[in-house]
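Residue-level structure breakdown
This is what each chain is made of:
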There are 2 protein chains.
Amino acid sequence: MISDKMKHLVQNSSVIRAMFEEGKKLAAQYGAENVYDFSLGNPSVPAPEEIKEAIRDIVGTENDILVHGYMNNSGYEDVRNTIAESINNKYDTKFGINNIIMTVGAAGGLNVILKTLLNPGDEVITFAPYFGEYKSYVDNYDGKLVVVSPNTATFQPNLSEFESKISPKTKAVIVNTPNNPTGVVYSEETIIQLSSVLDKKQKEYGTAIYMISDEPYRELVYDGVNVPYLTKYYRNTIVGYSFSKSLSLPGERIGYLVIPDEAVDSEDIIAAANVATRILGFVNAPSLMQRVVAKCINSEVDIAIYNKNRELLYDSLTEYGYTCVKPEGAFYLFIKALEENDVAFAAAAKRHNILIVPGSSFACPGYCRIAYCVDHGTIERSLPAFKKLAELY
Amino acid sequence: MISDKMKHLVQNSSVIRAMFEEGKKLAAQYGAENVYDFSLGNPSVPAPEEIKEAIRDIVGTENDILVHGYMNNSGYEDVRNTIAESINNKYDTKFGINNIIMTVGAAGGLNVILKTLLNPGDEVITFAPYFGEYKSYVDNYDGKLVVVSPNTATFQPNLSEFESKISPKTKAVIVNTPNNPTGVVYSEETIIQLSSVLDKKQKEYGTAIYMISDEPYRELVYDGVNVPYLTKYYRNTIVGYSFSKSLSLPGERIGYLVIPDEAVDSEDIIAAANVATRILGFVNAPSLMQRVVAKCINSEVDIAIYNKNRELLYDSLTEYGYTCVKPEGAFYLFIKALEENDVAFAAAAKRHNILIVPGSSFACPGYCRIAYCVDHGTIERSLPAFKKLAELY
């Protein structure tokens, strides 16, 4: 009795569920400390101490009905003001309350903006490898996801193929930097070129094409690398931000959209995104957490912990003969599988108690994603297994 | 550039937004204490004290990464277990963890189950007057909302019209008791008859028709009235519950779905609802609040406060000549407008600084909804205005 769309989705999602179940079975068989689960992007660094203080403080001093009550579907005005000011201070932008819509994480934000923009049949472009959920998000509104094939030399986007795939039906482009699954940060040069392609095609077709920047990893960068703020390069940019990773609050579902005034039809988009938030059933971003993130707007998780994982894993794996573009952000390594078939390679890894996700899940076969948001000890203990795995090839 | 669906929705939603803005203007002009805003269903009774204690306790003693982290998209197993046991204790049911899916409020739950069930063109029946958002929720999945006209004598559902509107395309029926906007509780007799109509039509068409019970007001009942637990009367019942009103946490977006084993294809529905939760962008119900409601599963708000409002308002308005079915639940009075046109009547009320919502918004013209979830003082101060308003007619 379930819908045809869901039948298809349930079948497809069973691969990852099977991996999760398999991991539990392995842990029971070999002991949890002898299973190296790199499959999930669940932050391993705890939320900053200020989060606890903020929760206690808000619950202890603010009015209950305000803290847990309904507000404007776009979020509390004071929270949106704090966020706008914080972005303005960091990136020299000029956003106000109206440009910020609080969302149920970045996933909620992407759904709100896609619901707002897409008519059935509209095309949304993204760059492989990409977070597999984009396909479902676009399909929720009967849009069509158009995928640009990966540039495996650098994992910067393939811009000539991108240009050739833009059509009069292209309504949006989803960009994700720092990237899941590669950890690559798009360079300023890439962003400038990408924007210029979009400008050219908008002119050619007389359309507006929105660049949707999915930014759960913006704050997770290493070696002082610069992550350009995309609204400054392309006027039709809409940002979907999440505090899931920057404050280690993924389960709390808290993030925001930025819809700049300079975007074409911004007033309509802002009004529609407010309504979409309500009718999609989010209603509003969770109220207490809105107030918490505003109070902790200058806090950050200790990314030195992720960096230590990144360095050890990258150095060790390259020494063992694995190849991979050194990630500058997020908490993923995207290694080349040691055999052509990435699914077979992930299966071989599992026989060494290593759980990694085949690149096929990100439209990039031949590679595998390692999520290094785990205990440092897990990485240390996994190294002999990675070495043995490499020696098989 | 916004989608055609959203253009239409933004236009329609502007009526309520206009009322909200109007209320602010009136408050600035006459002073907030001289404006009687009965337009919003935002609980006025604070959350029980145990909520604060639970938040402090969880934040102080539980593991940060667990409290704020990802879990199964259906929710924490211990939380779902607590909820299943609580329902079983109250209603003598036999639910387990698998039957419970934590959701972003009842609105999130309804969207998850409609996404799970509906193919384009499928029909969903509901009974006027009904919560206007149902139309958008069904439309999100290209379903068609079929409305049974109101039985204004009692506001129990019109069952003969219901029977005539069930077709082979009917996939679900949304039932809301205690009801928004009438406050009426469907009697056990109504539920038995409704179930028997559904059983007959299922047999006739060889289909499964799901009864979706939208239950944000289950706990808000007066005079010891009984609210039948619908899964006990009809096997294809799916419950969408919310803690928004029962614990005064509407902004926190926390609720759950109950999908009983005895429902046709329950395994598929449970698996698909898990996936739908993820791909609609909810990902999971907010994590801290899941743990909070489980800890406070036996807590309740002080409904004596709402009852006091109900009694004073009902007694006074009927004395002034208004007519209305005395509500047994929720926090709404649904009065007959004193002129045929409910929109004109609401406008007349506004000229007396009374803000109420025209019944047309609930597909029931000729009536108006008064949300009495306000300070008792607001009700006391509003009475002379209601009296003057009645004297005009």
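Residues numbered from 1 in each chain as written. Chains lettered and ligands numbered in written order. Predicted model: local features only at pLDDT ≥ 70, side-chain atom pairs only at ≥ 80, totals over all residues. Heavy atoms only, no water.

1. Quick notes on the sheet that holds strand 9 (residues 332–336) of chain A
Residue and element names in this part refer to chain A. A sheet is described by the order of its strands in space; here 3 strands give the open sequence 9-12-11, paired in antiparallel fashion. Strands at the two margins of the open sheet, each flanked by one partner only, are strand 9 and strand 11 (357–358). Pairing of strand 11 with strand 12 (residues 367–371), which is carried by 2 bridges, proceeds in the antiparallel orientation. Pairing of Val357 across the sheet is with Arg369, part of strand 12. Seen against the sheet, helix 12 (residues 342–350) touches strand 9, strand 11 and strand 12 and runs at an angle of roughly 45 degrees to strand 12. (Pairing = 2+ DSSP bridges. Helix = DSSP H or I, 4+ residues; strand = E, 2+ residues; numbered from the N terminus. Contact = heavy atoms within 4.5 Å. Axes fitted to C-alpha atoms, helices over the stretch in contact; angles between N-to-C directions.)

2. As for the side chain of Thr190 of chain B
Residues and elements named next belong to chain B. Positionally, Thr190 belongs in helix 8 (residues 188–205). Among the polar contacts listed, one links the side chain of Thr190 to the side chain of Gln156, at a separation of 2.6 Å. With residues near it in sequence (within four places) discarded, Thr190 still touches Gln156, Pro157 and Leu159. (Polar contact = N/O pair within 3.5 Å; in protein donor to acceptor, adjacent residues only side chain to side chain.)

3. Observations concerning the domain arrangement of chain A
Residues and elements named next belong to chain A. According to the domain assignment, chain A contains domain 1 (4–48 + 301–391) and domain 2 (69–295). Computed from C-alpha atoms alone, the centre-to-centre distance between domain 1 and domain 2 is 26 Å. Taken together, the contact between domain 1 and domain 2 spans 31 residues of the former and 36 residues of the latter. Summed over both sides, the interface of domain 1 with domain 2 buries roughly 2500 Å², with 62% coming from carbon and sulfur. On the domain 1 side of the contact with domain 2, Val325, Glu328 and Phe362 bury the most area, a combined 22% of that side's loss. The tally of links from domain 1 across to domain 2 stands at 3 salt bridges. On inspection of domain 1 and its partner domain 2, the count reaches 13 residue pairs in polar contact (both at pLDDT 80 or more). (Domains from an automatic or database assignment. Buried area = accessible area lost by both parts, 1.4 Å probe. Salt bridge = Lys/Arg side-chain N within 4 Å of Asp/Glu carboxyl O.)

4. What about the packing of aromatic side chains?
The geometry of an aromatic ring pair comes down to the distance between the two centres and the angle between the two planes. Counted under the stated rule, the structure contains 37 aromatic pairs over all chains. Ring geometry for Phe334 of chain A versus Phe362 of chain A: centroids 6.3 Å apart, planes at 90 degrees, classification edge-to-face. Here the residue Phe334 of chain A occupies a position in strand 9, and Phe362 of chain A occupies one in the loop between strand 11 and strand 12, the gap between them amounting to 28 residues. Assessed through its relative accessible area of 1%, Phe334 of chain A is described here as buried. Consider the rings of Phe155 of chain B and Phe334 of chain B, whose centres lie 5.5 Å apart with planes at 75 degrees: the pair is edge-to-face. Of this pair, Phe155 of chain B sits in the loop between strand 4 (144–148) and helix 7 (159–165) while Phe334 of chain B is found in strand 9 (residues 332–336), placing the two residues 179 residues apart along the sequence. Grouping aromatic residues by their ring pairs yields a cluster made of Phe155, Phe334, Phe362 and Tyr367 of chain A. Over the ring of Tyr76 of chain A we find Arg291 of chain A, and its NZ or CZ is 4.6 Å from the ring centre. (Phe/Tyr/Trp six-rings, centres within 6.5 Å; stacked < 30°, edge-to-face > 60°. Buried < 20%, exposed > 50% of the residue type's maximum accessible area, 1.4 Å probe, protein only. Lys NZ or Arg CZ within 6 Å of the ring centre and 35° of its normal.)

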